[in-house]
Amino acid sequence: MSSDKDRPLISIIILNYNAGKLLIDCVESVLGSQYNNMEVIVVDNASSDASHHTCKEKFSQIRLVENKENLGYCEGNNVGIREASGEFIVILNPDTTVEPNWLGQLLNAYLENGEGLYQPKILSLYEKNILQSTGNMLHLFGFGFARDKGLEDTNQRNKVEQIGYASGTCLFTSSSILSKVGLLDPFLFLYHDDLDLGWRAAQLGIKSFFVPSSIIYHAESYTLRWSAKKFYWLERNRRYCLLTHYSKDTYRKLLPSLILVDMLIWFFYICRGFTMSKIKAEMDIYKNRESIAKKYYELESKKIISDAQLVKSFPDDIYVPVNVSSKSTNKFFNGLLSSLSKKAKRRISS
């Protein structure tokens, strides 16, 4: 039987920004993986808590890359990807810990199911029987959500299956796939970066998969949590993805529904006290309209799967965690959203 040293080199990139002890715990668990042919690259985004130095002192075998400024999630991880030597790449959040067999299971799934973007089962770091994601899903109107978030893990999804996009909390793929799809989009800075990557991949016929036998634990949003700033990034980047990923013809067909959806979003943001976040998001999209147009034409020139074909797999409902919106509000919101989604899909396919 061959050893792991005969298996492909996997580069694990952990982007740090003031993660403190979470980073130490993360690296320690990764180094305890049963799969041994790996390199661990910690990229630090100008942390002020010295967690990256503490990590390097404790684990001398890691490679530490220090950015002079906070480049954000996207470009920070891109720095690590460019430094990587592995045939396979993992992007892993610093607020995670991993099961010993997590990496081998991801590699096996890739080798069995083919080229794609892969994610493990993600459980809560603090409530280890509670799911955070069994695969991320992409909605027609640019919303991304984690399937089954907040539910008890009863192994209800126990097979490798196709999903909307792989979570950036832990994303496994090959360096060859990233050369085809491109790296994370620096414009996004953070949030919806994984949605954008998975969407771009899907436009090239590259699928995303959920691997239930690979398990990690995640603290979730250790920096921004559910804040006004986080909602700004989410809405700004959702709008950006809609404007860059859909063809002009598709967008025109979507527009009547998008206007109604935007009214719902305004209502939601006002009720949550995040009105300024929505205003700032809209202003930033307008200010960057020229670079957005440039990105649109770049993606359109590469697209081989049509919008009409792609949106067939998009769910009509979305799942919103109860700590973001009440159950009654979710039911009302999803009822409208589902109806608008179905009508818009019919227009797109006509």
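If you're wondering where the values come from, they're calculated on a predicted model, not measured in any experiment.

Conventions and cut-offs
- Residues numbered from 1 in each chain as written.
- Predicted model: local features only at pLDDT ≥ 70, side-chain atom pairs only at ≥ 80, totals over all residues.
- Heavy atoms only, no water.
- Helix = DSSP H or I, 4+ residues; strand = E, 2+ residues; numbered from the N terminus.
- Rg over C-alpha atoms; globule rule 2.2 N^0.38 Å.
- Buried < 20%, exposed > 50% of the residue type's maximum accessible area, 1.4 Å probe, protein only.
- Contact = heavy atoms within 4.5 Å.
- Pairing = 2+ DSSP bridges.
- Right-handed = clockwise from strand over helix to strand, strands pointing away.
- Axes fitted to C-alpha atoms, helices over the stretch in contact; angles between N-to-C directions.
- Left-handed = near helix turned anticlockwise from the far one by under 90°.
- Nonpolar A, V, L, I, M, F, W, Y, C, P; charged D, E, K, R; others polar.
- Core = buried A, V, L, I, M, F, W, Y, C linked by side-chain atoms within 4.5 Å.
- Patch = residues over 30% accessible without salt bridge, like charges linked within 9 Å, V, L, I, M, F, W, Y side chains within 5 Å.
- Areas by Shrake-Rupley, 256 points an atom, 1.4 Å probe, with all protein chains shown as cover.
- Salt bridge = Lys/Arg side-chain N within 4 Å of Asp/Glu carboxyl O.
- Phe/Tyr/Trp six-rings, centres within 6.5 Å; stacked < 30°, edge-to-face > 60°.
- Parallel < 35°, antiparallel > 145°, perpendicular 65-115°, else oblique.
- Expected span 1.5 Å × (residues − 1).
- Arc of directions from axis to C-beta.

Let us look at the overall build of the protein chain. Along its length, the protein chain carries 12 helices and 12 strands. Its C-alpha radius of gyration of 20 Å places the protein chain within 12% of the 20 Å reference for a compact globule of 350 residues. Counting across all 350 residues of the protein chain, residues that qualify as buried make up 57%. The long-range fraction of contacts in the protein chain, counting pairs at least 24 apart against all pairs at least 6 apart in sequence, stands at 78%.

In this section: the pairing of strand β3 (residues 63-67). Summarising the sheet, strand β2 (residues 38-45) and β3 pair through 5 bridges and their orientation is parallel. By the bridge assignment for β3, Asn-45 is matched with Asn-67. On the question of chirality, the crossover connecting β2 to the parallel β3 by way of helix α2 (residues 51-58) is right-handed.

The contact between helix α7 (residues 228-245) and helix α9 (residues 275-287) brings their axes to 8 Å, and the two run at 35°. Judged by the sense of rotation from one axis to the other, the crossing of α7 with α9 is right-handed. Contacts between α7 and α9 pair Ala-228, Phe-231, Tyr-232, Glu-235, Arg-236, Arg-239, Tyr-240 and Leu-243 from the former with Ser-277, Lys-278, Lys-280, Ala-281, Glu-282, Asp-284 and Ile-285 from the latter. Here the residues of the contact of α7 with α9 sort into 7 nonpolar, 1 polar and 7 charged.

Attention now moves to the nonpolar core. Core analysis: the biggest nonpolar cluster contains 71 residues, and Ile-12, Ile-14, Val-30, Leu-92, Trp-102 and Phe-172 have the highest contact counts within it. Once you skip the residues sitting within four places of it in the chain, Trp-102 turns out to touch Ile-12, Val-30, Ser-33, Val-90, Leu-92, Cys-170, Ser-214, Ile-215 and Ile-216. Counting residues in each nonpolar core, the second largest holds 34 residues, with Phe-143, Leu-242, Tyr-251 and Leu-264 among its members.

Further remarks concern unusual backbone geometry. The backbone of Asp-148 sits at a positive phi, close to 70°, despite the residue not being glycine. Of note, His-192 is a non-glycine position whose phi angle comes to about 65°, a positive value. Owing to a relative accessible area of 9%, His-192 belongs among the buried residues under this scheme.

It is worth spelling out a nonpolar patch on the surface at this point. On the surface, a nonpolar cluster with roughly 370 Å² of combined accessible area is contributed by Leu-255, Ile-259, Leu-260 and Met-263. Inspection of the secondary structure assignment puts Leu-260 in helix α8 (residues 248-272). Overall, Leu-260 belongs to the partly exposed group, its relative accessible area being 42%.

Applying the stated criterion across every chain yields a total of 15 aromatic pairs. Between Tyr-110 and Phe-172, the aromatic rings sit 6.0 Å apart at their centres with planes inclined by 70°, giving edge-to-face as the arrangement. Taken together, the positions of Tyr-110 in helix α4 (residues 102-113) and Phe-172 in strand β11 (residues 170-174) put the pair 62 residues apart, joining distant regions of the chain. The exposure class of Phe-172 is buried, given its relative accessible area of 0%. Ring centres of Phe-187 and Tyr-240 lie 4.4 Å apart, and the angle between their planes is 25°; this geometry places the pair in the stacked category. One end of the pair, Phe-187, is in the loop between α5 (175-181) and α6 (193-203); the other, Tyr-240, is in helix α7, and 53 residues separate them in sequence. Overall, Phe-187 belongs to the buried group, its relative accessible area being 18%.

Quick look at the packing of α8 against α9 now. Axis separation between α8 and α9 bottoms out at 7 Å; the angle between their running directions is 135°. With respect to α9, the element α8 is oriented oblique. Counting all contacts with α8, which are made through Asp-262, Ile-265, Trp-266, Tyr-269 and Ile-270, the residues of α9 involved are Thr-275, Ser-277, Lys-278, Ile-279 and Glu-282. Of the residues contributing to the contact of α8 with α9, the split by class is 5 nonpolar, 2 polar and 3 charged.

Our next topic: the pairing of strand β4 (residues 88-92). Of all 5 residues in β4, 5 are buried, a share of seventy percent or more. Neither face of β4 is left uncovered, since the one carrying Phe-88, Val-90 and Leu-92 and the one carrying Ile-89 and Ile-91 both have all their residues buried. Note: strand β1 (residues 10-16) against β4, 5 bridges, orientation parallel. Across the sheet, Ser-11 pairs through a bridge with Ile-89, a residue of β4. Both β4 and β11 contribute to a ladder of 5 bridges, which runs antiparallel. Bridge assignment links Ile-91 to a residue of β11, and that residue is Leu-171.

Quick look at helix α10 (residues 289-302) now. Its 14 residues give α10 an end-to-end C-alpha distance of 20 Å, which sits within 8% of 20 Å, the value for a rise of 1.5 Å per residue. Within α10, burial applies to Ile-292, Lys-295, Tyr-296 and Leu-299. Seen along its axis, α10 keeps its buried residues to an arc of 110°; they face one direction. Facing away from the buried side of α10 by over 90 degrees, the exposed positions are Glu-290, Lys-294, Tyr-297 and Ser-301. Looking at the buried side of α10, the elements it contacts are α6, α7, α8 and α9.

Keep in mind these values describe shape, not function.
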